[in-house]
Amino acid sequence: MSSPNLLSPPRPSSSKEKRNPSITPRKFRRFFAPRSRVPSRISPARKALQDLAAPDLNNRYLTPAPSSPLMPPNSEGFVPDENLLDSPSARRSKRRKFNHTPESSPCRPSVSFDLPPSNNDGPKLLSPIRSLRSSQEKMDLDEDESEEEIELPPQPTPVKRITPITSRGLATRLSQREYGSMPRARRSYMSYPSTDWRIDTADFYSRPKDIHECIGEDGSSRTIPFCTATCNTNSLTAVGDEEGRIRLLDSSSDHPEEPFSNVHLAFQAHGNAIIDMSFSDDDYLLATASGDQTGRVIDVMTQSPIAVLQHHTASLKQVRFQPGQANKSVLATSSRDGSVQIWDLRCTGRPVQDIAPPEPRDSTLRFRPAPPKQGCAVNSLYHAHAHTSRLTQQVPVGTPGDTPSRRELPCRVNNISVTAMQFLPAGQEHLLLTACEADACIKLWDIRSIHSSRQKVPSSLSMTAPPSSHQHWRSFGISSLALGTDASRLYALCKDNTVYAYSTAHLILGHAPELSTRNGEVPRRRHNAVTHQGLGPLYGFRHPSFFVTSFYVKCAVRPARNGRSELLAVGSSNSTPVLFPTQERYFRNILTDAMGSLTLENSTIATSQHPASESDATDCGPRAPTINQRLKDDIPIVKTGTPLVRGHEQHEVGAVTWTSGGKLVTTGDDYLIRCWSEDREQAADLRTGGESGGRRWGCGWAEVGEDFDGVDDDVD
């Protein structure tokens, strides 16, 4: 029942019938509270519902209105009076700024302000969207208040753009090459995790103008070049042939009027083939080893001999000057008679009477050279490798040794030829390394220890262990030795088609005072020393194009100098010299995997402590028909080599040497001497240009594969 006070007032009587009042009253005071009675403070719950309304959300996220950061936002406990805002004075003073400021830009984060504390201490229902303030809440309400500036917090400094690694200088480029990331080995943008070893060997090439053909003294026949030696201070290269003549060729490209094909100087040095040559450090002296059982020291300025080394009984194999202070005075020679002779040019000797007079010269030359002296041998190592090798009659059939050939005089029977020698660098120049034709053992000698008896076998300081594959099959000799740039590695070219790398710091295992110096002084020599065991090879180099069938195939190392990397060049019996990069970072994974599987039982050190006896060597079961089918090696074998193709015909490439300018000189049985230079564009043109127009006629280049010179799709 409704109260009588709530009934409608009485109406005057009329003819219309009376009806019940409508349900909805004309005034909403009966159902809703008047606006004046609504509290001015909006509750937190109501405010949260307003924030969730769709129009407000659209205003906040889709179309933000321009705002000014100078007016602090309203607190949650303050609501402006609507009557005040609707007054004409408020409308006239109200002014909006529609120009965006950097702080109010929608693309930048909004600036947060500290809000005044609310008067209501009770619990509030906070809106989840209240923390994201719209720009509508930041507009100015009064022009006077906008003049008061609020100190804004400092903006963070924008991050600088990262400089590309290719624009950071030489040091960064070297680091990039060291750790890799190139899509191609020769391009500046990298993607692979390691560098390509072919970048060190791919730039070699040779043109027809880089060829010299050896013509005999009569001018009608050709002669085979046997050996080469390069000067240390200039670009001249000396070549010795089978007629005993020496010719000097200029490998420098700075003089186009005198190409490599022209002879700079030629003279007769021996009456037989010249097997080896060596220059002194200042290039004033040239030592030769000949097949006439003698060696000579020639003054390069006058081309006349100053000393004759005639103490051997067979043809000489190698000659080397001692490094250090005695470089122009002390030298060593090895021979097929199995001995090593140490010569000192400072010792007086008798004049040699059987030397032919020099060739006739210009009459205006008034200088008359002194007659040559007989060399004085101050130390002799007879039968240097006799007790570690197998005699000639015990060598299996089909494995020829260092037999006399090419106009050499035959030697005595059962002599083990010393085919290779190498002095250690200055500071250790009293130490000499030797190798022979019978096995792959390398001996270390102290030339200060006097050995002069022909009946007693000399005692070396140490002897390296041969590869274990030789002990299980048969022995192979060594034809050449070469030291690395820092003398930490010794490279030995073996006749099993492998170049073995040794550690010079482990030539003597255990206590080795001979390999160390105290206060820069050379250690004292030991008397009656016992031969110590040396470490075997660390790893080896092989290549499908690398074959060694004679002891005339040699190796040479280009030192790392003037920005050029160290390279190992080897000749080959199949007319293709091969280049091996010696930086161990290129094959570090191969060394790590192979070394990790070695134990003391199957390592070369343990095997070499009990060498095979003569009966074991001769009775080793069925042998494989070829070298490539021999037993598995226990050391890492690296095959990262680059062949130099088309340089020589189908003949053996024997001697190789490096010039002071980093060029390679090779000699072959095709009567040609070829000089190889480095140029990336010309080498790539020969590889990819084809045979059209005879552009490859008489040329040679480094063969590195078709993928090396390919064009990348992602490179502009």
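Our subject is the structure listed above.
Caption draft 1: Geometry of the overall build of the protein. Counting its secondary structure elements, the protein contains eleven helices and 33 strands. Relative to its full complement of 716 residues, the protein shows a buried share of 46%. Pairs at least 24 apart in sequence give 65% of the contacts found in the protein among residues at least 6 apart. Accessible area of the protein: about 39,800 Å², with a carbon and sulfur share of 52%.

Caption draft 2: The nonpolar core, seen in detail. Core analysis: the largest hydrophobic core is formed by 26 residues, its most contacted members being Leu433, Ile442, Leu444, Ile478, Leu481 and Leu490. Mapped onto this core, the elements with two or more residues apiece are strand 17 (431–436), strand 20 (478–483), strand 21 (489–494) and strand 22 (498–503). Residues in contact with leucine 481, not counting those within four places in the same chain, are Ala420, Met421, Gln422, Leu433, Thr434, Ala435, Ile442, Leu490, Tyr491, Ala492 and Cys555.

Caption draft 3: How the structure looks around the packing of aromatic side chains. Following the criterion strictly, the structure yields nine aromatic pairs and no others. With centroids separated by 5.9 Å and ring planes inclined at 65°, the aromatic side chains of phenylalanine 204 and tryptophan 658 adopt a geometry described as edge-to-face. One end of the pair, phenylalanine 204, is in strand 1 (residues 204–206); the other, tryptophan 658, is in strand 30 (residues 653–658), with 454 residues separating them in the sequence. Owing to a relative accessible area of 0%, phenylalanine 204 belongs among the buried residues under this scheme. On the basis of relative accessibility, which here comes to 6%, the residue tryptophan 658 falls in the buried class. Among the aromatic residues, ring-to-ring pairing joins Tyr491, Tyr539, Phe541, Phe546, Phe580 and Phe587 into one connected group. One cation-aromatic arrangement involves lysine 317 over tyrosine 552; the distance from NZ or CZ to the ring centre is 5.2 Å. For arginine 474, the ring lying beneath its charged end belongs to tryptophan 473, and the centroid distance is 5.8 Å.

Caption draft 4: Up close: the sheet that holds strand 4 (residues 236–241). Read from one edge of the open sheet, four strands run 3-4-5-6, paired in antiparallel fashion. Looking at which strands have only one partner, the edges of the open sheet turn out to be strand 3 (225–230) and strand 6 (265–268). Looking at each pair of strands side by side, their axes are set apart by 20° on average, direction ignored. Sheet topology note: the strand 5 (residues 245–250)/strand 6 ladder contains four bridges and is antiparallel.

Caption draft 5: Main features of the sheet that holds strand 21. Pairing is mixed in the open sheet, where five strands are placed in the order 20-21-22-24-28. Every interior strand has two partners, whereas the edge strands, strand 20 and strand 28 (637–638), have only one. As paired strands, strand 21 and strand 22 are joined by six bridges and run antiparallel to one another. Following the sheet pairing, alanine 492 is matched in strand 22 by tyrosine 500.

Caption draft 6: Focus on the pairing of strand 22. Within strand 22, six of the six residues are buried, which leaves it mostly tucked inside the rest of the structure. Burial of the side chains of strand 22 extends over both faces: Thr498, Tyr500 and Tyr502 are buried on one face and Val499, Ala501 and Ser503 on the other. In sequence, strand 21 turns back onto strand 22 through a hairpin of three residues, with asparagine 497 there showing a positive phi of about 65°.

Caption draft 7: Highlighting the pattern of salt bridges. Per the stated rule, a full pass over the model turns up 18 salt bridges. Note that glutamate 217 is salt-bridged to arginine 245, the shortest N-O span being 3.8 Å. Here glutamate 217 is found in the loop between strand 2 (211–213) and strand 3, whereas its partner arginine 245 is found in strand 5, with 28 residues between them in sequence. We classify glutamate 217 as exposed; its relative accessible area is 55%. Of the charged contacts in the structure, one is a salt bridge between aspartate 685 and arginine 695, with a shortest N-O distance of 2.6 Å. Pair noted here: aspartate 685 is in helix 11 (residues 680–688) and arginine 695 is in the loop between helix 11 and strand 33 (700–702), with a separation of ten residues, a long-range link.

Caption draft 8: Looking closely at the layout of surface pockets. Approximately 1,400 Å³ is the volume attributed to the second largest pocket. In this structure, the second largest pocket is lined by 48 residues; those nearest its centre are Thr230, Asn232, Arg320, Gln422 and Val557. Secondary structure elements with two or more residues in the lining of the second largest pocket: strand 3, strand 7 (274–279), strand 11 (316–321), strand 16 (418–423), strand 20, strand 25 (555–558) and strand 30. The residue makeup of the lining of the second largest pocket, split by class, is 26 nonpolar, 14 polar and eight charged.

About the criteria used
- Residues numbered from 1 in each chain as written.
- Predicted model: local features only at pLDDT ≥ 70, side-chain atom pairs only at ≥ 80, totals over all residues.
- Heavy atoms only, no water.
- Helix = DSSP H or I, 4+ residues; strand = E, 2+ residues; numbered from the N terminus.
- Buried < 20%, exposed > 50% of the residue type's maximum accessible area, 1.4 Å probe, protein only.
- Contact = heavy atoms within 4.5 Å.
- Areas by Shrake-Rupley, 256 points an atom, 1.4 Å probe, with all protein chains shown as cover.
- Core = buried A, V, L, I, M, F, W, Y, C linked by side-chain atoms within 4.5 Å.
- Phe/Tyr/Trp six-rings, centres within 6.5 Å; stacked < 30°, edge-to-face > 60°.
- Lys NZ or Arg CZ within 6 Å of the ring centre and 35° of its normal.
- Pairing = 2+ DSSP bridges.
- Axes fitted to C-alpha atoms, helices over the stretch in contact; angles between N-to-C directions.
- Salt bridge = Lys/Arg side-chain N within 4 Å of Asp/Glu carboxyl O.
- 1 Å grid on protein atoms, 1.4 Å probe; cavity = no way out; pocket = protein on both sides within 12 Å on 5 of 7 lines; lining within 4 Å.
- Points joined across faces, edges and corners; volume = space filled by probe spheres on them.
- Nonpolar A, V, L, I, M, F, W, Y, C, P; charged D, E, K, R; others polar.

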